[in-house]
Amino acid sequence: MDTELYHDVPCSSIAVESIISVGTGGLIWGLCSGSYDAKQKGLTGISRASFLAKTVGKYGFQCGLFAGIFSFTRCGIRRYRKKSDWVNALVAGGVAGAAIGAGTRNWRQVAVMTAFLSGFCAIADQSRAI
C-alpha cells in the first residue's frame, strides 16, 4: 500500500514524516523508561527531572535518527532500482544500523547492530496486516 501512497512524494518529506512520528514514539518511550529508571535509582527533585530530560532526549533523538536514515535510504534505493521489494528495506536497515552502531566505536557491535536491524527491517517490510 505504501508504494502507491509514496510514489510521487519526495524522499525528504518521507524522512521528515518518519522522524517526527518515530521520534515522538522515542520521546514517549524515554518518558516511561526514564521515570522507571529514576525511581529505581531513588532520584527525586531536580536530579530526577534532569535525568528524565536526558533520557527523553536520548531516546527521542536515537529513534528519530534511525527513522530518518532508514526512510531516506529506503526511498532513495526504491527510486534508484525502480522496485519495491525486501531488498530496499534490507539495505536501508543495514545503513541505519551501521549509523547507529558507529557511535559505539566497537566494530563488532556495529556489525551486530547492522545485521540485526537489516534483517528486522526486511522482515517488517514484507509482513502485511491480514
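So, here's what we can say about the structure. (Residues numbered from 1 in each chain as written. Predicted model: local features only at pLDDT ≥ 70, side-chain atom pairs only at ≥ 80, totals over all residues. Heavy atoms only, no water.)

1. A word on helix α5 (residues 107–126)
Taking 1.5 Å per residue as the helical rise, α5 with its 20 residues ought to reach 28 Å, and the 29 Å between its terminal C-alpha atoms agrees with that figure. Burial in α5 covers these residues: Val-110, Thr-114, Leu-117, Ser-118, Cys-121, Ala-122 and Asp-125. Take α5 and look down its axis: the buried residues cluster within an arc of 130 degrees, on one side only. Away from its buried face by more than 90 degrees, α5 exposes Arg-108, Val-112, Ala-115, Phe-116 and Ile-123. (Helix = DSSP H or I, 4+ residues; strand = E, 2+ residues; numbered from the N terminus. Expected span 1.5 Å × (residues − 1). Buried < 20%, exposed > 50% of the residue type's maximum accessible area, 1.4 Å probe, protein only. Arc of directions from axis to C-beta.)

2. Considerations on the environment of Trp-29
Considering the arrangement of structural elements, one finds Trp-29 in helix α2 (residues 11–41). When near neighbours in sequence (up to four residues on either side) are disregarded, Trp-29 contacts Gly-34 and Tyr-59. (Contact = heavy atoms within 4.5 Å.)

3. A look at the state of the cysteines
Enumeration according to the criterion identifies one disulfide in this entry. Here Cys-11 engages in a disulfide with Cys-75; their sulfurs sit 2.1 Å apart. Disulfide Cys-11-Cys-75: torsion about the S-S bond near -75 degrees, hence left-handed. In this pair, Cys-11 sits in helix α2 while Cys-75 sits in helix α3 (residues 45–81), placing the two residues 64 residues apart along the sequence. Accessibility expressed as a relative area gives 12% for Cys-11, which makes it buried. The class of Cys-75 is buried, set by a relative accessible area of 1%. Summary of cysteine pairing: Cys-32 is not part of a disulfide, and the nearest cysteine sulfur, belonging to Cys-63, is at 12 Å. (Disulfide = S-S within 2.5 Å.)

4. Remarks on a nonpolar patch on the surface
A surface patch of nonpolar side chains, amounting to about 320 Å² of accessible area, comprises Trp-86, Leu-90, Val-91 and Val-95. Its location among the elements puts Leu-90 in helix α4 (residues 86–101). (Patch = residues over 30% accessible without salt bridge, like charges linked within 9 Å, V, L, I, M, F, W, Y side chains within 5 Å. Areas by Shrake-Rupley, 256 points an atom, 1.4 Å probe, with all protein chains shown as cover. Salt bridge = Lys/Arg side-chain N within 4 Å of Asp/Glu carboxyl O.)

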